[in-house]
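Okay, here's what each chain looks like letter by letter:
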Amino acid sequence: MPSTTHPDAFHFDRTVESYWEASADPLNLDLAPLTGDARCDVAIIGAGYTGLSTALTLREDYGLDVRVLDAAMPGWGASGRNGGFACIGSHKLGYGSMIARYGRDETIRFFSTMREAVDRVRDNCRRYGIEASLTEGGEVSLAHRPNRMAELAAEKSFMQATFGETMELLDANALRERGLWSPHFHGGLACAVGASIHPLNYARGLARAAQGLGAHTHPFSRVRSWSKHAKKYVLTTENARLEADHVVIATNGYTSESIFHHHRDRLMPALSNIIVTRPLTEDERAEQGWTSRVMAYDTRNLLHYFRLLPDGRFLFGGRGGTDASDGGAEPMKAHMIATLKRMFPVFGRAEIDYFWRGFVCLSRDLVPYVGALDDHRSVWTSIAYHGNGVAMASYCGRALAHLIAGKPERANLPAVVTRRLAPFPAASLRPLYLKGAYLWFGAKDEWL
Ligand SMILES: Cc1cc2nc3c(=O)[nH]c(=O)nc-3n(C[C@H](O)[C@H](O)[C@H](O)COP(=O)(O)OP(=O)(O)OC[C@H]3O[C@@H](n4cnc5c(N)ncnc54)[C@H](O)[C@@H]3O)c2cc1C
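These numbers were taken from a predicted model, which means no experiment stands behind them.

Here we look at the overall build of the protein chain
Alright, step 1. When its secondary structure is counted, the protein chain shows 12 helices and 19 strands.
Alright, step 2. A compact globule built from 448 residues would reach a C-alpha radius of gyration of about 22 Å, and the protein chain, at 21 Å, matches this within 12%.
Alright, step 3. Taking all 448 residues of the protein chain together, the buried fraction comes to 49%.
Alright, step 4. Contacts spanning at least 24 positions in sequence make up 78% of the contacts within the protein chain whose residues lie at least 6 apart.

As structure tokens, this is what we get:
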């Protein structure tokens, strides 16, 4: 495991002190850790959007016997602590490189998949009656330097020509008119795809739906080891032994490579950080010039993402930081507050009520992977959404269930997400790669 994933970040018994935890509806499920000996068709490790979506579909469409084990409560990982942006963008590979590597048609299919994934979130909320404060409105990318406007204009043309996606270029005046104003931005590009949600309510809703359909979910059941006997897998937790025909590793940025050896050297967990202000008054929002509920992010490589929450608070997030220990939290919080003050001077005067962090997950190919990890097609994963998994994990978790059930045509996955995970070269140096990338992109974001 790279040292950036400090053990402090894996205290599964600690509640995440997030705004989502403070404002979520109760789980209202009587869940118990797994004890004794048990067996099932499919054992799923991780009760985030991926694992729960897989469980739901395996039960609903195929009636398989499914058990979901989580080291903590459902939604404890990134699924319960993200920004709640259900949108496109689960890759760090540029579209040009994607076309060169996978071809134009598969790249177009990948884009359609990401679009459909957003619909999947809407559909899940509707179908399972999940109250996740889903708010429509799309998202806007904001130019943090004047020269980024030319890039946004080129992106608009590319998106129209390649994917048929119509986007709207906004100058600084248009930003002001739409209540998206900050002296920091020079214009933006609006995309109609995307909706915001309360991420923990969504995760809890999926957990309730899965349990309602007969998938057994076991919190505080950390898988500590596993082995294969004949054709069966045996997963061991502190108090239980679970035998299964198939195993799904749905642990994303919280994957322990010492236990899940198929993933060894293949993942790059990275921190994402969020602060949330106290509720802002209407006057404060008007003074800042930011009154829109649209989801927004800036054009930095180390991007910031932000939105007004339904109760008037401002959520402000950003990637970065390589010290996941408890000691690394305060400096990161101070950095986030200083950045908020610079970008949104009025909001930056408000008290910060919440700060938390969590892991996103990158792959060497800079795209997600969905599929088998072994040649027998009995160990599976869906992983590496590059910090953009609200929609994609909901979609890919479901697709994974179709693969497990032997129905790849129903999974309908583009080639972009089905090439096996490649190892990072000199993988023990991953923390250094990350630090180097942050330095390089940080400088590029500010000076080029
Ligand atoms: C701060 C932050 C902000 C983000 N913002 C956004 C956003 O706005 N929009 C967006 O699309 N994406 C965002 N993301 C990314 C998104 O949240 C993730 O891509 C998505 O939640 C991944 O879901 P998952 O189910 O694959 O993994 P997770 O939700 O991380 O779940 C993994 C689970 O595995 C469990 N686990 C780990 N090891 C074991 C074990 N040995 N045994 C049993 N269980 C285990 C963990 O307890 C955890 O619950 C953000 C992420 C973070 C951290």
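Having seen the structure, we can now continue with the description.
Quick word on the site of the ligand
Alright, step 1. With respect to spatial proximity, 43 residues lie near the ligand, and among them G48, G77, G83, G358 and G389 are the closest.
Alright, step 2. Partitioned by chemical class, the residues of the shell around the ligand number 21 nonpolar, 19 polar and 3 charged.

Here's the deal with unusual backbone geometry
Alright, step 1. Of note, the phi angle at F220 is positive, near 45°, even though the residue is not glycine.
Alright, step 2. With respect to the helices and strands, F220 occurs in the loop between β9 (216-218) and β10 (225-229).

Observations concerning the sheet that holds strand β8 (residues 195-196)
Alright, step 1. Read across the open sheet, the 3 strands follow the order β3-β8-β4; overall the sheet is antiparallel. Only two strands of the sheet have a single neighbouring strand rather than two, namely β3 (85-86) and β4 (135-136).
Alright, step 2. Bridge analysis of β3 against β8 gives 2 bridges, and the strand direction is antiparallel. Considered in β8, the bridge of F85 is made with S196.

Digging into the packing of helix α2 (residues 49-62) against helix α7 (residues 199-212)
Alright, step 1. The geometry of α2 relative to α7 is characterised by a closest axis approach of 9 Å and an angle of 25° between their N-to-C directions. Of the possible angle classes, the one that applies to α2 and α7 is roughly parallel. Note that α2 runs across α7; the crossing there is left-handed. Here α2 contributes Y49, L52, S53, A55, L56 and R59 to the contact with α7, which in turn contributes A203, L206, A207, A209 and A210.

Some points on helix α4 (residues 104-127)
Alright, step 1. Counted at 1.5 Å a residue, the expected span for α4 with its 24 residues is 34 Å, and the 34 Å between its end C-alpha atoms agrees.
Alright, step 2. Among the residues making up α4, those that are buried are T107, F110, F111, T113, M114, A117, V118, R120, V121, N124 and C125.
Alright, step 3. For α4, the secondary structure elements touched by its buried residues are β3, α3 (95-102), α5 (148-163), β8, α7 and α10 (390-404).

Topic: the sheet that holds strand β6 (residues 168-171)
Alright, step 1. With respect to topology, 8 strands assemble into an open sheet ordered β6-β7-β5-β14-β15-β16-β13-β17, the strand pairing being mixed. Pairing within the sheet leaves two strands with one partner each, and these edge strands are β6 and β17 (352-363). With direction set aside, neighbouring strand axes in the sheet form an average angle of 20°.
Alright, step 2. Two elements, strand β15 (residues 304-308) and strand β16 (residues 314-319), share 5 bridges in a ladder whose sense is antiparallel. Within β16, the position partnered with Y305 by the bridge is G317.
Alright, step 3. Seen against the sheet, α5 touches β5 (139-142), β6 and β7 (187-191) and runs at an angle of roughly 20° to β7.
Alright, step 4. Across the face of the sheet, helix α9 (residues 329-343) comes into contact with β13 (267-277), β15, β16 and β17 while running at roughly 60° to β13.

Focus: the packing of α3 against α4
Alright, step 1. Look at α3 against α4: their axes get within 7 Å of each other, and the N-to-C directions meet at 125°. Accordingly, the angle class assigned to the pair α3 and α4 is oblique. Where α3 abuts α4, its residues Y95, M98, I99 and Y102 lie against R104, E106 and T107.

Reading the values: the criteria
- Residues numbered from 1 in each chain as written.
- Predicted model: local features only at pLDDT ≥ 70, side-chain atom pairs only at ≥ 80, totals over all residues.
- Helix = DSSP H or I, 4+ residues; strand = E, 2+ residues; numbered from the N terminus.
- Rg over C-alpha atoms; globule rule 2.2 N^0.38 Å.
- Buried ≥ 20, exposed ≤ 12 C-beta atoms within 10 Å, placed from the backbone.
- Contact = placed C-beta atoms within 7 Å.
- Near = placed C-beta within 6 Å.
- Nonpolar A, V, L, I, M, F, W, Y, C, P; charged D, E, K, R; others polar.
- Pairing = 2+ DSSP bridges.
- Axes fitted to C-alpha atoms, helices over the stretch in contact; angles between N-to-C directions.
- Parallel < 35°, antiparallel > 145°, perpendicular 65-115°, else oblique.
- Left-handed = near helix turned anticlockwise from the far one by under 90°.
- Expected span 1.5 Å × (residues − 1).

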